[in-house]
Amino acid sequence: MSKKKINIVIGGGLAGIVSALLLKKKNNEVILIEQNKKIGGLFQSRKLYKNLFFDYGSHFIKETGIPKIDKIIFSDLNNKNCHILGNLKGGSYFKKKLDKHSPHCDTSLLNKKIYKKGIKEILNFKNIKKNPKNLKEQILNIYGSTFFKEILNPIINKKSFNCSLDKIEPNNHFFFGFSRIKAFDEKKSRIIKKNKKLNNIFSFHHYSEGESGLKSYYPKRGGAGFIVNLLEKKLKLKGVKVLCNQKVENINFKSNSIDSVLLNNSSKIKCHKVVWTLNHNILCKFTNLSFKKNKIKNFFHISLHHLVFDRSFLTNNDYISSYDPNQKISRITLYPNIYNDNKWIKNWKKNNKYFHLTAEVISPKLEDLNTLQKKVISEIYQMGVVSKNTKLKFKFSERFGGKTPVPTVLNLSNSKNNFFKLKNTFKNVIFAGQISAPKSTGQLLTNIYNELNNEKN
């Protein structure tokens, strides 16, 4: 009988959980190591007021289209415990107007002269460069100088990063909801989107159009953390050993492979294979390799503001993105609105006296939470999310992680060099993290699946 091979997964977020379940085979032992008290990473939820749950990080989870991954995540999810959704009911706020029909910034709300100039610039583009050097070059090449100046730069630079966009890595505009922009009228938008190039620039006028075949899920009770609780049971059932409150203190290497890891409780674990789901730069400090260091100057900060009101919201949007550079709010998630049939909201209004949301703020500097909270509450009323006579019943604000480095071209360049140096040096390490602009959860999980699928046991 052959000796069991021990595979270690570092990091207990969704990437780590899925990696552990994909690795688990008949003759393998899989150990999942997480430094926090509970696994789940960004998919965490807490009951903060009455029976209301608030998410700490991610809210929705979408099918990947890869059967093995989707079976792991969604096999225990159904209509009884989850809302199984098509397109999310996204809304947006721009130029003091709440758009309840689209999550994309409505450029037609600009001054008519400025709007027409911006549209003309886009329509006159002949070729879009495939490899822009930075985010400014990319945006100018897609949306033109007018919309760059009037919309994107004020949001990304002035409101959030306080960093010139010519220093930021391409594709980071997706982080702010700028996958597309809204323009024209409904009929003309449908015609425009038949053009392959323009389809990637302009959106439909309503969130219900252009529906994806992949479904999104949100638990009916327990918040996004409910999904992690089910996966935690699956890990136990499959025999994956989960070590929480454990941090890697040191790593031993042998013949360009990780031979063992030493944890903060002094235990030493020999390993056959390691899946590293944390930032790969953390691994650098454990090696004898030389890496180019870069002093990071620009950071941004995220705070979450959980609020409860005594009346229903004035919109049925699942979430609202704010494109107002003068507002603190970046995005709002309205939990009672996340449903797939009208009976749900009717029952909620009948049986619940409270309506809760989480507002996310992205700031270029560390700001006082109480001051931010007051501003956020004021903006909720200003946007028309709740009526003026609606009372606030509960408020709780918190910081989301620590300060986060702005994804500059220089930072990402050094990070990529470190990544490939690690990847080319250590034979038994699989990296599941990101080295470029923000990816969706589905893209990240797909990358993990492909990496593991290409590995030999």
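Just so we're clear, the structure is a prediction, and the values are computed from it rather than from any experiment.

Criteria and thresholds
- Counting restarts for each chain: residues are numbered from 1 in the order of the written sequence.
- Given that this is a predicted model, residues contribute local features only at a pLDDT of at least 70 and side-chain atom pairs are listed and counted only at 80 or more, while totals for whole chains, interfaces and linings are drawn from all residues.
- Only hydrogens and water are set aside when side-chain values are computed; all heavy atoms of the structure are taken into account.
- Note on pairing: DSSP must find at least two bridges between two strands before they are called paired.
- Helix and strand definitions here come from DSSP, where helices need a minimum of 4 consecutive H or I residues and strands a minimum of 2 consecutive E residues; each element is numbered from the N-terminal end.
- Here the axes come from fitting lines to C-alpha atoms, over the contacting stretch only for helices, and the angles between their N-to-C directions go from 0 to 180 degrees.
- Only protein chains enter the calculation, and the probe is 1.4 Å; a residue is then buried if its accessible area is under 20% of its type maximum, exposed if over 50%, and partly exposed in between.
- By definition in this entry, angles of less than 35 degrees are roughly parallel, angles greater than 145 are roughly antiparallel, angles of 65 to 115 are roughly perpendicular, and the rest are oblique.
- The contact criterion used is simple: two residues touch if any of their non-hydrogen atoms lie within 4.5 Å.
- Side-chain classes are defined by residue name, with Ala, Val, Leu, Ile, Met, Phe, Trp, Tyr, Cys and Pro counting as nonpolar, Asp, Glu, Lys and Arg as charged, and the others, Gly among them, as polar.
- A carboxyl oxygen of Asp or Glu within 4 Å of a side-chain nitrogen of Lys or Arg is what we treat as a salt bridge.
- Here, expected helix span is obtained from the residue count minus one, scaled by 1.5 Å.
- Each C-beta atom gives one direction from the helix axis, and the arc is the one those directions make.
- Centres within 6.5 Å are what make two rings of Phe, Tyr or Trp a pair, Trp counting through its six-membered ring; a difference in plane orientation under 30 degrees is then read as stacked, over 60 as edge-to-face, and the rest as tilted.
- As a reminder, the over-ring test applies to NZ of lysine and CZ of arginine, requiring each to be within 6 Å of the ring centre and within 35 degrees of the ring normal.

Draft legend 1. Just the sheet that holds strand β1 (residues 5-10), in detail. Across the sheet, which stays open at both edges, the five strands sit in the order β10-β2-β1-β14-β20 with parallel pairing between neighbours. The open sheet is flanked by β10 (241-243) and β20 (429-431), the only strands paired with a single partner. In this sheet, neighbouring strand axes are inclined to one another by 20° on average, regardless of whether the strands run parallel or antiparallel. Sheet topology note: the β1/strand β2 (residues 28-33) ladder contains six bridges and is parallel. Looking across to β2, one finds that V9 is bridged to L32.

Draft legend 2. Up close: unusual backbone geometry. Positive phi, normally seen in glycine, also occurs at K96, with a value near 65°. Counting through the fold element by element, K96 comes out in the loop between β7 (90-94) and β8 (97-99). Residue classification places K96 among the exposed positions, given a relative accessible area of 71%. Phi angles above zero are rare outside glycine, and S266 is one such case at about 75°. Position of S266 among the secondary structure elements: in the loop between β12 (258-263) and β13 (268-270).

Draft legend 3. Inspection of the packing of helix α2 (residues 67-74) against helix α7 (residues 225-238) at higher detail. Closest axis-to-axis distance for the α2/α7 pair is 9 Å, and the angle between their directions is 105°. One way to sum up the angle between α2 and α7 is to call them roughly perpendicular. Residue-level inspection shows K71, I72 and I73 of α2 in contact with α7, the latter providing I227, L231 and K234. Tallied by class, residues from the contact of α2 with α7 come to four nonpolar, no polar and two charged.

Draft legend 4. Highlighting the environment of I61. Counting through the fold element by element, I61 comes out in strand β5 (residues 61-62). Those residues in contact with I61 that sit more than four places away from it in its chain are L14, F43, I73, F74, K215, S216, Y217 and I227.

Draft legend 5. How the structure looks around the sheet that holds β13. Across the sheet, three strands lie side by side as β11-β12-β13; this open sheet has antiparallel pairing. In this open sheet, the two edge strands, each paired with only one partner strand, are β11 (248-253) and β13. On average, adjacent strands in this sheet sit at an angle of 20° to one another, irrespective of strand direction.

Draft legend 6. Focus on the pattern of salt bridges. If you walk through the whole model with that rule in mind, you get twelve salt bridges. K416 is the salt-bridge partner of E169, the closest N and O atoms lying 3.0 Å from each other. With a gap of 247 residues between them, E169 in the loop between α4 (135-161) and α5 (186-192) and K416 in helix α11 (residues 409-425) connect regions that are remote in the sequence. The exposure class assigned to E169 is buried, which follows from its relative accessible area of 10%. Measuring nitrogen to oxygen at the nearest pair gives 3.3 Å for the salt bridge that ties E451 to K423. Highlighted residues: E451 in helix α12 (residues 441-453) and K423 in helix α11, separated in sequence by 28 residues. Here the residues in one salt-bridge network are E186, R190 and E209, joined through shared partners.

Draft legend 7. Representation of α12. If you check α12, its first and last C-alpha atoms are 18 Å apart, about what 13 residues at 1.5 Å a residue would give, namely 18 Å. Where α12 is concerned, the buried positions are G442, L444, L445, I448, Y449 and L452. Seen end-on, α12 carries its buried residues on one side only, within an arc spanning 165°. Structurally, α12 contributes buried residues whose contacts are with α1 (14-23), α2, β14 (273-276) and β20.

Draft legend 8. Representation of the packing of aromatic side chains within the structure. Enumeration over the complete set of coordinates arrives at 20 aromatic pairs. Their ring planes at 55° and their centres at 5.7 Å tell us that F60 and Y218 sit as a pair that is tilted. A residue pair is termed long-range when its members are at least 10 positions apart, and F60 in the loop between β4 (52-55) and β5 and Y218 in strand β9 (residues 216-219) qualify at 158 residues. With 6.0 Å between their ring centres and 80° between their planes, F309 and Y381 make a pair best called edge-to-face. You can see F309 sitting in strand β15 (residues 299-309) and its partner Y381 sitting in helix α10 (residues 369-383), a full 72 residues away along the chain. By relative accessible area, F309 is classed as buried at 0%. One aromatic cluster is present, built from ring pairs that chain together Y49, F54, F60, Y218, Y335, Y354 and F394. Over the ring of F204 we find K193; its NZ or CZ atom is 4.9 Å from the centre of that ring. Here the guanidinium or amino end of K403 rests over the ring plane of F299, the centre of that ring lying 4.4 Å away.

Draft legend 9. How the structure looks around the environment of G65. Tracing the sequence through the fold places G65 in the loop between β5 and α2. With a relative accessible area of 47%, G65 lands in the partly exposed category. With 186 residues separating them in the primary sequence, G65 and I251 have C-alpha atoms 36 Å apart.

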